[in-house]
Amino acid sequence: MVELTTAAVQELERLQAHQGKQQAGSVFRICVEPSTCGDWSYHLALVREPEATDVVTQSQGWTIALAAEHVPLLKGLRVDYVEDLMGGAFRFHNPNAAQTCGCGMAFSLPKEG
């Protein structure tokens, strides 16, 4: 349902270690929120456990929790992590997006009609 690349997993492990053992989340939660530069923007969090209504999947040994109402928008999502001269960032390859914002964190859906 959602795929993490090796680079994304390495960054999640780095972030988890940075949080410290007492606060480290072991679940990668992905949801979307309304956005001003696209229809939706990605919201990511490391949490201890999924919410009761989340849909749970696995990739590269990580548990991924998706907000149930956002599953249709996230199905087939591939999450990567890329570093360049401007720093590092997660990159999203979403087959459901018709357009991606230049910020890389927002997307628009195909227009009906």
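Just above, that's the structure.
The numbering scheme is per chain: residues are counted from 1 as the chain's sequence reads. Side-chain atom pairs in this predicted model are given and counted only at pLDDT of 80 or more, local residue features only at pLDDT of at least 70, and totals for whole chains, interfaces and linings cover all residues. Side-chain measures were taken over the full set of non-hydrogen atoms in the model, leaving aside hydrogen atoms and water.

Chemist: Describe the environment of Val32, naming the residues involved and giving the relevant values.
Modeler: Runs of E in the DSSP output that reach at least two residues are strands. Runs of H or I that reach at least four are helices, and both are numbered from the N terminus. With respect to the helices and strands, the residue Val32 is situated in strand β2 (residues 27–34). When accessible area is computed with a 1.4 Å probe and restricted to protein chains, residues below 20% of their type maximum are described as buried, those above 50% as exposed, and intermediate ones as partly exposed. Classification of Val32 by relative accessible area gives buried; the value is 3%. For the pair Val32 and Leu66, spaced 34 residues apart in sequence, the C-alpha to C-alpha distance is 9.3 Å. When near neighbours in sequence (up to four residues on either side) are disregarded, Val32 contacts Trp40, Ser41, Tyr42, His70, Leu73, Leu74 and Phe107. Should any heavy atoms of two residues lie within 4.5 Å, those residues are considered in contact.

Chemist: Give me the sheet that holds strand β3 (residues 40–47): which residues, what numbers.
Modeler: Here, any two strands with at least 2 DSSP bridges between them count as paired. What the six strands build is an open sheet, ordered β4-β5-β2-β3-β9-β8; its pairing is mixed. The two strands at the open ends of the sheet, each matched to only one other strand, are β4 (55–59) and β8 (99–100). In this sheet, strand β9 (residues 106–108) lies alongside β8 in antiparallel orientation, the contact comprising two bridges. Bridge pairing in β9 places Gln99 opposite Ser108.

Chemist: Could you give an account of the nonpolar core, naming the residues involved and the relevant values?
Modeler: We call a set of buried residues a nonpolar core when its members are Ala, Val, Leu, Ile, Met, Phe, Trp, Tyr or Cys and they connect through side-chain atoms within 4.5 Å of each other. One finds Leu4, Ile30, Leu77 and Val79 to be the most contacted residues of the largest nonpolar core, which totals 23 residues. Sorting the residues of this core by element identifies β1 (2–4), α1 (6–19), β2, β3, β5 (62–66), α2 (71–74), β6 (77–84) and β7 (87–93) as the ones contributing at least two each. Apart from residues no more than four positions distant in its own chain, Val79 is found in contact with Val2, Glu3, Leu4, Thr5, Ala8, Ile30, Phe90, Arg91 and Phe92.

Chemist: Let's hear about the packing of aromatic side chains: which residues, and what values?
Modeler: Note on aromatic pairs: the rings of Phe, Tyr and Trp (six-membered ring only in Trp) are paired at centre separations within 6.5 Å, and the planes decide the class, stacked below 30 degrees, edge-to-face beyond 60, tilted for the rest. Within this structure, the stated rule accounts for four aromatic pairs. Seen in terms of ring centroids, Tyr42 and Phe92 are 4.0 Å apart; in terms of plane orientation they differ by 15 degrees. Their pairing is stacked. On the criterion of sequence distance, the pair formed by Tyr42 in strand β3 and Phe92 in strand β7 is long-range, its members being 50 residues apart. The same class applies to Tyr42 and to Phe92, which are both buried. Among the aromatic side chains, those forming a connected cluster through ring pairs are Phe28, Tyr81 and Phe90.

Chemist: I'd like a rundown of the pattern of salt bridges, residues and numbers included.
Modeler: We define a salt bridge as a contact between a side-chain nitrogen of Lys or Arg and a carboxyl oxygen of Asp or Glu at a distance within 4 Å. Per the counting criterion, the structure on display carries four salt bridges. Notably, a salt bridge pairs Glu11 with Arg14, separated by 2.7 Å at the nearest N-O pair. Of this pair, Glu11 and Arg14 both sit in helix α1, three residues apart, which is roughly one turn of that helix. Residue classification places Arg14 among the partly exposed positions, given a relative accessible area of 46%. Of the charged contacts, one joins Arg29 and Asp54 as a salt bridge, the two residues approaching to 2.8 Å between their closest N and O atoms. Of this pair, Arg29 sits in strand β2 while Asp54 sits in the loop between β3 and β4, and the two are 25 residues apart along the sequence.

Chemist: Could you give an account of the sheet that holds β1, naming the residues involved and the relevant values?
Modeler: A sheet is described by the order of its strands in space; here three strands give the open sequence β1-β6-β7, paired in mixed fashion. Either end of the sheet is taken by a strand with one partner, and the two such strands are β1 and β7. The sheet shows a mean angle of 25 degrees between the axes of neighbouring strands, direction not considered. Two strands pair when backbone bridges link them, and β6 and β7 are joined in this way by seven bridges, in the antiparallel orientation. Paired with Val79 across the bridge in β7 is Phe92. Throughout, an axis means a line fitted to C-alpha atoms (over the contacting stretch in the case of helices), and angles, computed between N-to-C directions, take values from 0 to 180 degrees. Strand contacts of α1: β1, β6 and β7, with the helix running at about 75 degrees to β6, the strand carrying the most contacts.

The analysis is restricted to geometry; functional conclusions fall outside its scope.
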